[in-house]
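One letter stands for each residue in the lines below.
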Amino acid sequence: MRFVKKEVNTTPIEDTVFVIVEKAAKAKVQYGKEKVVDATIGSLYDEEGKLVAFDSGFDPYNEIPKETKAKYAGSFTGNPAYRNQVADWLIGNIDCRLKHSVIATPGGTGAVNITISECLDQGETVILPQIAWGSYQLMATMANLKTKSYTLFEGDHFNLKSFQETCSEVMAQQEKLVIVINDPCHNPTGYSLSKEEWQEVIRFLNDCAKQVPVVLLNDIAYIDYAYDTAHSRDYMEQFNAIGENVVVVIAFSCSKSLTSYGLRCGAALILGQNEADVRGVEVVFEKAARATWSNIANAAMDNFTYVTTENLAEYTNEKDGYVKLLKERSDIFTKEACEAGLPCYPYKEGFFVTIRMESNEQRDRYHEALMNELIFTVKVNLGIRVAVCSLSINDCKGLAKRMKTILDTCQ
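Residues numbered from 1 in each chain as written. Predicted model: local features only at pLDDT ≥ 70, side-chain atom pairs only at ≥ 80, totals over all residues. Heavy atoms only, no water.

Chemist: Hey, could you run me through the packing of aromatic side chains in this one?
Modeler: For any two aromatic rings, the description comes down to two numbers: the centre-to-centre distance and the angle of the planes. Taken as a whole, this structure holds 21 aromatic pairs when the rule is applied. Ring geometry for Phe58 and Tyr61: centres 6.4 Å apart, planes at 75°, overall edge-to-face. Taken together, the residues span about one helical turn, with Phe58 and Tyr61 both in helix 2 (residues 55-63) at a distance of 3 residues. Since its relative accessible area comes to 16%, Tyr61 is described here as buried. Here the aromatic rings of Phe163 and Phe204 are separated by 6.2 Å at their centres, their planes lie at 70°, and the arrangement is edge-to-face. Here Phe163, found in helix 7 (residues 160-171), pairs with Phe204, found in helix 8 (residues 195-208); they are 41 residues apart in sequence, far enough to count as distant. (Phe/Tyr/Trp six-rings, centres within 6.5 Å; stacked < 30°, edge-to-face > 60°. Helix = DSSP H or I, 4+ residues; strand = E, 2+ residues; numbered from the N terminus. Buried < 20%, exposed > 50% of the residue type's maximum accessible area, 1.4 Å probe, protein only.)

Chemist: Please explain the nonpolar core as it appears in this structure.
Modeler: Side chains of nonpolar character tend, in soluble globular proteins, to be buried together. Membership of the largest hydrophobic core comes to 134 residues, with the highest contact counts inside it found for Phe163, Leu177, Phe239, Phe333, Tyr366 and Met403. In this structure, Phe239 is in contact with Leu98, Trp198, Ile202, Leu216, Asn218, Val248, Ile250 and Leu271, ignoring residues within four places of it in sequence. The next biggest cluster of nonpolar side chains, apart from the first, holds 7 residues, and it includes Ile20, Ala27, Met371 and Phe376. (Core = buried A, V, L, I, M, F, W, Y, C linked by side-chain atoms within 4.5 Å. Contact = heavy atoms within 4.5 Å.)

Chemist: Is there a simple way to explain the sheet that holds strand 14 (residues 383-387) in this structure?
Modeler: Two modes of strand pairing occur in sheets, parallel and antiparallel, and in both the strands are linked by backbone hydrogen bonds. The antiparallel open sheet is built from 3 strands, whose spatial order is 11-14-13. Lying at the two open borders of the sheet, with one neighbouring strand each, are strand 11 (352-356) and strand 13 (378-380). Neighbour to neighbour, the strand axes of the sheet diverge by 35° on average, direction disregarded. Sheet analysis places strand 13 next to strand 14, joined by 3 bridges and oriented antiparallel. Its bridge partner being in strand 14, Lys379 is matched across the sheet by Ile384. (Pairing = 2+ DSSP bridges. Axes fitted to C-alpha atoms, helices over the stretch in contact; angles between N-to-C directions.)

Chemist: Please explain the packing of helix 7 against helix 8 as it appears in this structure.
Modeler: For any two helices packed against each other, one specifies the crossing angle of their axes together with the interaxial distance. Interaxial distance between helix 7 and helix 8 falls to 11 Å at its minimum, and their mutual angle equals 15°. When the interaxial angle is binned, helix 7 and helix 8 end up roughly parallel. Crossing of helix 7 over helix 8 shows right-handed handedness. Counting all contacts with helix 7, which are made through Leu160, Phe163, Gln164, Cys167, Ser168 and Met171, the residues of helix 8 involved are Glu200, Val201, Phe204, Leu205 and Cys208. Partitioning the contact of helix 7 with helix 8 into residue classes produces 8 nonpolar, 2 polar and 1 charged. (Parallel < 35°, antiparallel > 145°, perpendicular 65-115°, else oblique. Left-handed = near helix turned anticlockwise from the far one by under 90°. Nonpolar A, V, L, I, M, F, W, Y, C, P; charged D, E, K, R; others polar.)

Chemist: I tried to follow the environment of Phe285 on my own but got confused; where do I start?
Modeler: For Phe285, the position within the fold is in helix 10 (residues 275-292). It is 30 Å that separates the C-alpha atoms of Phe285 and Thr151, two residues lying 134 residues apart in sequence.

Chemist: How should the environment of Ile296 be read in this particular structure?
Modeler: Tracing the sequence through the fold places Ile296 in the loop between helix 10 and helix 11 (298-307). Residues Ile296 and Gly107 lie 189 residues apart in sequence; the distance between their C-alpha atoms is 9.3 Å. Ile296 has contacts with Ala73, Ala104, Thr105, Pro106, Arg264, Cys265 and Met301, leaving out every residue within four places of it along the chain.

Chemist: Honestly, the pattern of salt bridges in this entry has me stumped. Any pointers?
Modeler: The full count for this structure, using the stated rule, is 19 salt bridges. Of the charged contacts in the structure, one is a salt bridge between Arg329 and Glu47, with a shortest N-O distance of 2.8 Å. Of this pair, Arg329 sits in helix 12 (residues 312-340) while Glu47 sits in the loop between strand 1 (37-38) and helix 2, placing them 282 residues apart in sequence. Between Glu358 and Arg356 there is a salt bridge; the shortest N-O distance is 4.0 Å. One network of salt bridges, with partners in common, ties together Arg83, Arg279, Glu282 and Glu286. (Salt bridge = Lys/Arg side-chain N within 4 Å of Asp/Glu carboxyl O.)

Chemist: How should I be thinking about the side chain of Asn159 in this particular structure?
Modeler: Relative to the assigned elements, Asn159 resides in the loop between strand 6 (157-158) and helix 7. Among residues more than four places away in sequence, those in contact with Asn159 are Thr151, Leu152, Phe153 and Glu154.

Chemist: Whenever I open this one, helix 12 confuses me. Can you help?
Modeler: Because each turn of an α-helix spans 3.6 residues, side chains separated by three or four positions in sequence point in the same direction. Taking 1.5 Å of rise per residue, 29 residues should cover 42 Å, and helix 12 covers 41 Å from first to last C-alpha, within 8% of that figure. Phi turns positive, to about 80°, at Gly341, one or two residues after helix 12. (Expected span 1.5 Å × (residues − 1).)

Chemist: Looking at this model, I keep getting lost on unusual backbone geometry. Mind explaining?
Modeler: Glycine aside, the phi torsion of most residues is negative, and most peptide linkages are trans. With an omega of 0°, the peptide bond running from Asp183 to Pro184 counts as cis. Note on placement: Pro184 falls in the loop between strand 7 (177-182) and helix 8. Here Asn187 and Pro188 are connected by a cis peptide whose omega angle stands at 20°. For Pro188, the location among the structural elements is in the loop between strand 7 and helix 8.

Chemist: Would you mind showing me how to read the pairing of strand 10 (residues 266-272) here?
Modeler: Two faces belong to every sheet, and in a regular strand the side chains alternate between them. Here strand 10 lies mainly inside the structure; 7 of its 7 residues are buried. Burial along strand 10 is two-sided: the residues Gly266, Ala268, Ile270 and Gly272 and Ala267, Leu269 and Leu271 are all buried. Pairing of strand 2 (residues 99-105) with strand 10, which is carried by 7 bridges, proceeds in the antiparallel orientation. Bridged to Ser101 within strand 10 is Ile270.

Given below as structure tokens:
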């Protein structure tokens, strides 16, 4: 390819999610909506099959003057009030003793990308979960980085041993660690680490930091849908124990929290023991932000600030109603899966439940078999993702048993 940089992957992107979404849509037209189970959509839907857009989020947004929507933000790093409110929203109610700063980003994706691309040099390796959102891998590829994955589970808990071994292997090859942990409400399994698991992770990273600098990228896209929302940030207090050679970057998504997926507003919250280290990361992120997206939507930032302060009671009441609905759906599916013997990765909370597959070959056979029965899901590494966030309660009932019957034909 003559017209792009030499060191780049030029294989066309295949977004498997949107391909299956389109297949599901065509099936609904051909066979009727009532006969199709569409478990592909990774956004929150109501019981009538309509995309949820919080009134408490969009009514205020619609009242914002068009001039405010049209103008540039106060800074390419984000509006000052927004940056302060993001920090308060994430760590304001916990005992956080770390230095911190916030950079506005286009969704949580921007925060993840800027960390992966700016914290490692070309040819180095970023550490990812074995089962993960596929875009992590794509971001690494576009930044000319390698990846190495840790096995996510050992039985029904986090695989600390694999995590430690993977970090040690990478640390033996390069002079820095950049590690992604998507928690709580992991995409796509719905797992959340316990306080004790986080303590072990931080203890180990501090040991690594005696040899190399460590960047922990904590992707919290779904945190505001944790089932115990009031205590969903408590684990972050474990970050107080990080050593001076560790920095934590939290990738936050307004897109998920406010059901405003298309407004593309998020943030990177940088945490560290030393103000100079936090500022050092911040400077690089500032330059990358200016060079990459230049500006975040002014009105989206102002709206988040308003909704989570002056409109907080209305927002919390509305969101909590949908969190309760999400839990009801996931409880039905996971309970029936357990009764039917449908193997699932350990689920605690969140938008997705994932069926455990022994191999990707088995996964591919199973995925096709499900579609033949008009059940549409999304393939992930060693699994089949079921988006309970977009399924009605009625769709969830009996689904696991049907899926187990179909799985038995694919063994």
